[in-house]
Amino acid sequence: MSRPVNIKGQMLQYHGRSDRHSKIACWGIMFDLLRTSELLQSHVESGKVVFGINHTMKDFVHDKKKNLDLVLCRPKADAPPPRKPQTLKSLAEKYEIKLTSAQQTQLDALPELKQSPVGNVLAALEAKACMTEHGKAGPRLYDELNSSHQIVHGHSSKALSIGFVMVNASETFYSPTNAHNPGPNVHRQPTAMEKAIATVAGLPRRSGPGEQGYDGLGIVVVDMINDGVTPVELVTAPPAPAPDDVLHYDSMLQRVAHEYDAAFKNI
């Protein structure tokens with residue numbers, strides 16, 4: 001959980017023109033991945049693996065570029081560290097992420113994952129949200145996510161590409177970009193979120209190097225009115241992915257941890 005974002009005096013849980021939601025989602029995935037993979041923990045503890053934020057990756061084949069929200073990587077040789085390097089723990093404070101006492105204890109017990117100049121990328125995270133105007137946002141959402149894994153694997157076929165999407169199940173949504181309409185957008189639910197989920201489910205997924213698609217892909221459904229007051233609730237009932245669905249968050253996490261352990265055991 002995190003505090004609402006303040007943009008031009010408006011206290012909101014979500015703002016489409018802010019990247020705060022993607023940063024927090026990537027932080028959560030990195031925290032959970034580090035808890036899940038003992039190999040990753042050992043790599044972090046020994047300094048073999050660090051992270052980079054908003055890292056630009058270039059597709060070797062087509063010379064396309066894209067900024068990835070967060071990457072796990074090898075530290076760049078002979079590169080000076082950032083003037084004010086972040087850690088997983090300091091980012092939690094910077095983003096004002098509210099953890100339970102149990103989660104804070106787990107974070108404190110983990111090895112310190114540090115920010116550093118990016119060397120070889122091992123895993124790249126891309127987080128998106130579909131909160132309102134689901135039908136209109138669908139094609140852009142697909143294109144942005146589809147280009148992400150293509151550029152990651154065009155850069156390195158061995159790197160893991162991880163996609164995460166948050167979909168809104170609320171029937172109404174207060175959008176801060178509605179300058180001429182102070183009232184909420186109205187969603188035809190569950191049709192709107194079903195279409196958004198189907199869009200994400202249609203993205204290619206791969207089973208190993210040499211193929212095109214995501215190595216891990218997850219969807220989380222929430223009920224968010226976005227009025228700055230009503231709490232955001234997690235939706236687990238259909239059409240949200242069930243625990244045995246490959247697009248369930250836990251399934252994504254377990255798969256990525258397994259793929260990491262298999263691909264990078266000898267670094």
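Structure: see above.
Residues numbered from 1 in each chain as written. Predicted model: local features only at pLDDT ≥ 70, side-chain atom pairs only at ≥ 80, totals over all residues. Heavy atoms only, no water.

Engineer: Talk me through the pattern of salt bridges; I want residue IDs and the actual numbers.
Structural biologist: A full pass over the atoms with the stated rule returns ten salt bridges. Note that Lys89 and Asp108 form a salt bridge whose closest N and O atoms lie 3.2 Å from each other. With Lys89 in helix α3 (residues 88–94) and Asp108 in helix α4 (residues 101–109), this pair connects stretches of sequence that are 19 residues apart. The exposure class assigned to Lys89 is partly exposed, which follows from its relative accessible area of 34%. The partly exposed category is assigned to Asp108, whose relative accessible area is 43%. Between Lys128 and Glu144 there is a salt bridge, with its nearest N and O atoms 3.1 Å apart. Of this pair, Lys128 sits in strand β5 (residues 118–130) while Glu144 is found in helix α5 (residues 134–155), placing the two residues 16 residues apart along the sequence. (Salt bridge = Lys/Arg side-chain N within 4 Å of Asp/Glu carboxyl O. Helix = DSSP H or I, 4+ residues; strand = E, 2+ residues; numbered from the N terminus. Buried < 20%, exposed > 50% of the residue type's maximum accessible area, 1.4 Å probe, protein only.)

Engineer: Now, about the environment of Leu34: what can you tell me, with residues and values included?
Structural biologist: You can see Leu34 is positioned in helix α1 (residues 20–36). Assessed through its relative accessible area of 0%, Leu34 is described here as buried. A C-alpha to C-alpha distance of 8.9 Å links Leu34 and Val44, two positions ten residues apart in sequence. Setting aside residues no more than four positions away along its own chain, Leu34 makes contact with Leu40, Gln41, Val44, Leu88, Leu110, Pro111 and Leu113. (Contact = heavy atoms within 4.5 Å.)

Engineer: With reference to specific residues and values, describe the packing of aromatic side chains.
Structural biologist: Inspection of the entire model under this criterion finds four aromatic pairs. Between Tyr14 and Phe173 the ring centres are 6.2 Å apart and the planes differ by 65 degrees, which places this aromatic pair in the edge-to-face class. In this pair, Tyr14 sits in the loop between β2 (10–12) and α1 while Phe173 sits in strand β7 (residues 172–173), placing the two residues 159 residues apart along the sequence. We classify Phe173 as buried; its relative accessible area is 1%. The side chain of Arg35 reaches across the aromatic face of Phe31, ending 4.6 Å from its centre. (Phe/Tyr/Trp six-rings, centres within 6.5 Å; stacked < 30°, edge-to-face > 60°. Lys NZ or Arg CZ within 6 Å of the ring centre and 35° of its normal.)

Engineer: Would you mind going over the pairing of strand β4 (residues 65–75) in detail, with residue names and values included?
Structural biologist: In the case of a regular strand, side chains alternate between the two sheet surfaces. Taken together, the eight bridges between strand β3 (residues 50–58) and β4 define a ladder with antiparallel strand orientation. If you follow Ile53 over to β4, its bridge partner there is Leu70. Count of turn residues in the β3/β4 antiparallel hairpin: six residues, of which Asp63 carries a positive phi of about 60 degrees. Inspection of the sheet shows β4 paired to β5 by five bridges, in the antiparallel sense. (Pairing = 2+ DSSP bridges.)

Engineer: Provide a residue-level description of the environment of Val121, including the pertinent values.
Structural biologist: Tracing the chain through its elements places Val121 in strand β5. Accessibility expressed as a relative area gives 6% for Val121, which makes it buried. Each C-alpha atom of the pair Val121 and Phe51 lies 9.0 Å from the other, and the pair is 70 residues apart in sequence.

Engineer: So what about the state of the cysteines? Which residues, and what values?
Structural biologist: Counted by the stated rule, this structure contains zero disulfides. In this structure Cys26 is a free cysteine whose sulfur lies 14 Å from that of Cys73, the closest cysteine sulfur available. (Disulfide = S-S within 2.5 Å.)

Engineer: Can you tell me about the pairing of strand β6 (residues 160–168), naming the residues and giving the values?
Structural biologist: Taking burial as the measure, the nine residues of β6 include nine buried ones, the bulk of the element. Of the two faces of β6, the one holding Leu160, Ile162, Phe164, Met166 and Asn168 and the one holding Ser161, Gly163, Val165 and Val167 are both buried throughout. In terms of strand pairing, β5 meets β6 through eight bridges, oriented parallel. Each bridged residue has a counterpart across the sheet, and for Ala123 the counterpart in β6 is Leu160. A crossover links β5 with its parallel partner β6, the connecting element being α5, and its sense is right-handed. Of the strand pairs in this sheet, β6 and strand β9 (residues 216–223) are connected by seven bridges, and their pairing is parallel. The residue bridging Val165 from the neighbouring strand is Ile219, located in β9. (Right-handed = clockwise from strand over helix to strand, strands pointing away.)

Engineer: Lay out helix α2 (residues 38–45) with the relevant residues and their values.
Structural biologist: When we look at burial in α2, the residues that qualify are Leu40, His43 and Val44. Taken around the axis of α2, the buried residues stretch over an arc of 100 degrees, which confines them to a single face. When the buried face of α2 is taken as reference, the exposed residues oriented beyond 90 degrees from it are Glu38 and Glu45. The inward-facing, buried residues of α2 contact α1, β4 and α7 (249–263). Positive backbone phi, at 80 degrees, marks Gly47, one or two positions downstream of α2. (Arc of directions from axis to C-beta.)

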